[in-house]
Amino acid sequence: MKRRGMALLGAIVIMVLSAILTALFLSFSTEGAKRTGDQYLLNQASLLAKSAEEFTILAIMGHDRTATGNCVNQVNITYPNSATPMFDINVSVYYIGFGGLSNCNDYISEIETEESNGSLLLDITVTSSENILTEPVRYTRRAIQKL
């Protein structure tokens, strides 16, 4: 009688241990898949921020700031350009050392060193749209560029 009871108890212990290990493996595998997806979205946001920086510089170079006061102060982009975008990209432009151009966001109007005049400070923010992703992704980048 004792042997049958011990065998039954041993079988129950083995079944409980195998259930716990299976639950742990399942938890780790779903966590790894989620982490991979989050890392993919963060990398995509980083690449979009770099692309928005280059696009903003191209847009600034295409405007005549001196004659018309036509400055690019803000750039707003949605990616992809469709009815349901995944990311909203906002770039704020601040001009450094341009000497008080009209309609421009001056960060610093006059600088002592000639090399720093004509620079840009770009604040880039990439945020995920609320209607696409369950967890928000927000990536910020600050860049200084010389024109």
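Below is a short write-up of the structure. (Residues numbered from 1 in each chain as written. Predicted model: local features only at pLDDT ≥ 70, side-chain atom pairs only at ≥ 80, totals over all residues. Heavy atoms only, no water.)

1. What about the overall build of the chain?
- Each helix and strand counted, the chain has two helices and five strands in total.
- Ordered by position from N to C terminus, the α and β elements of the chain give α-α-β-β-β-β-β.
- In the chain, which comprises 147 residues, the proportion classed as buried is 30%.
- Considering only contacts within the chain whose residues lie at least 6 apart along the sequence, 56% involve residues at least 24 apart. (Helix = DSSP H or I, 4+ residues; strand = E, 2+ residues; numbered from the N terminus. Buried < 20%, exposed > 50% of the residue type's maximum accessible area, 1.4 Å probe, protein only. Contact = heavy atoms within 4.5 Å.)

2. Structural notes on the pattern of salt bridges
- Within this structure, the stated rule accounts for four salt bridges.
- With a closest N to O distance of 3.9 Å, E53 and K50 form a salt bridge. Separated by three residues within a single helix, E53 and K50 lie in helix α1 (residues 2-61), roughly one turn from each other.
- Across the salt bridge formed by E53 and R141, the nearest N and O atoms sit 2.8 Å from each other. Pair noted here: E53 is in helix α1 and R141 is in strand β5 (residues 138-146), with a separation of 88 residues, a long-range link.
- By sharing partners, the salt bridges in this structure join K50, E53, E54 and R141 into a single network. (Salt bridge = Lys/Arg side-chain N within 4 Å of Asp/Glu carboxyl O.)

3. Focus on the side chain of S119
- Within the element layout of this structure, S119 appears in strand β4 (residues 119-128).
- Ignoring anything within four residues of it in the chain, the contact list for S119 reads Y94, Y95, I96, F98, Q145 and K146.

4. Considering a nonpolar patch on the surface
- A cluster of nonpolar side chains, namely L8, I12, V16, I20, L21, L24, F25 and F28, defines an oily patch on the protein surface of about 810 Å² accessible area.
- For L8, the position within the fold is in helix α1.
- Residue class for L8 comes out exposed when judged on its relative accessible area of 54%. (Patch = residues over 30% accessible without salt bridge, like charges linked within 9 Å, V, L, I, M, F, W, Y side chains within 5 Å. Areas by Shrake-Rupley, 256 points an atom, 1.4 Å probe, with all protein chains shown as cover.)

5. A short note on unusual backbone geometry
- Cis peptide bonds are those with omega within 30 degrees of zero, and the linkage from Y79 to P80 qualifies with -15 degrees.
- Locating P80 in the fold gives a position in the loop between β1 (74-79) and β2 (87-96).

6. Considerations on the nonpolar core
- V91, Y95 and I124 are the most contacted members of the largest nonpolar core, which has 22 residues in total.
- Among the elements of the structure, α1, β2 and β4 are those that each provide at least two residues to this core.
- Looking at which element gives the most residues to this core, the answer is α1, with seven residues. (Core = buried A, V, L, I, M, F, W, Y, C linked by side-chain atoms within 4.5 Å.)

7. A look at the side chain of E53
- Overall, the relative accessible area of 1% leaves E53 in the buried class.
- In contact with E53, other than residues within four places in its own chain, are L122, I124, R141, A143 and Q145.

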